[in-house]
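One-letter residues, chain by chain:
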Amino acid sequence: MHPQTHPEIHLALHRVRAAGLHAEADAYRLAASAGRPRRLRARLGWTLVDVGLRLAAAPGPTALAR
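Residues numbered from 1 in each chain as written. Predicted model: local features only at pLDDT ≥ 70, side-chain atom pairs only at ≥ 80, totals over all residues. Heavy atoms only, no water.

**With respect to the overall build of the protein chain**
Part 1: Across its full length, the protein chain carries 2 helices and 0 strands.
Part 2: Out of the 66 residues belonging to the protein chain, those deemed buried represent 0%.
Part 3: Carbon and sulfur atoms make up 65% of the accessible area of the protein chain, which amounts to about 6700 Å² in all. (Helix = DSSP H or I, 4+ residues; strand = E, 2+ residues; numbered from the N terminus. Buried < 20%, exposed > 50% of the residue type's maximum accessible area, 1.4 Å probe, protein only. Areas by Shrake-Rupley, 256 points an atom, 1.4 Å probe, with all protein chains shown as cover.)

Put into structure tokens, the structure is as follows:
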């Protein structure tokens, strides 16, 4: 008989898969706790909108009016 029987191989594969899933979950939790990139993206977007509105309201000729 082989040193590892079918149930032992199945259990070993299960442990490897479980360890992989735990590592994935840890990576997800770490990324989620680091903050969402949407906040930065939204802040940057609104800043660009604000700059655009200021440029549009600025008196005088613009580079596009040539």
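**Here we look at a nonpolar patch on the surface**
Part 1: A contiguous nonpolar surface patch, about 360 Å² in accessible area, is contributed by Trp46, Val49 and Leu53.
Part 2: Along the chain, valine 49 turns up in helix 2 (residues 37-57).
Part 3: Of the residues examined, valine 49 reaches a relative accessible area of 40% and is grouped as partly exposed. (Patch = residues over 30% accessible without salt bridge, like charges linked within 9 Å, V, L, I, M, F, W, Y side chains within 5 Å. Salt bridge = Lys/Arg side-chain N within 4 Å of Asp/Glu carboxyl O.)

**Things to note about the pattern of salt bridges**
Part 1: Applying the stated rule across the entire model yields 2 salt bridges.
Part 2: Between aspartate 26 and arginine 29 there is a salt bridge; the shortest N-O distance is 2.6 Å. Residue aspartate 26 and its partner arginine 29 are located together in helix 1 (residues 6-33), separated by 3 residues, close to a single helical turn.
Part 3: Judged by relative accessible area, aspartate 26 falls into the partly exposed class, the value being 43%.
Part 4: Residues arginine 54 and aspartate 50 are paired through a salt bridge, measuring 3.0 Å at the closest nitrogen-oxygen approach. One end of the pair, arginine 54, and the other, aspartate 50, are both in helix 2, 4 residues apart, so they sit about a helical turn from each other.
Part 5: Exposure remark for aspartate 50: the relative accessible area of 35% places this residue in the partly exposed category.

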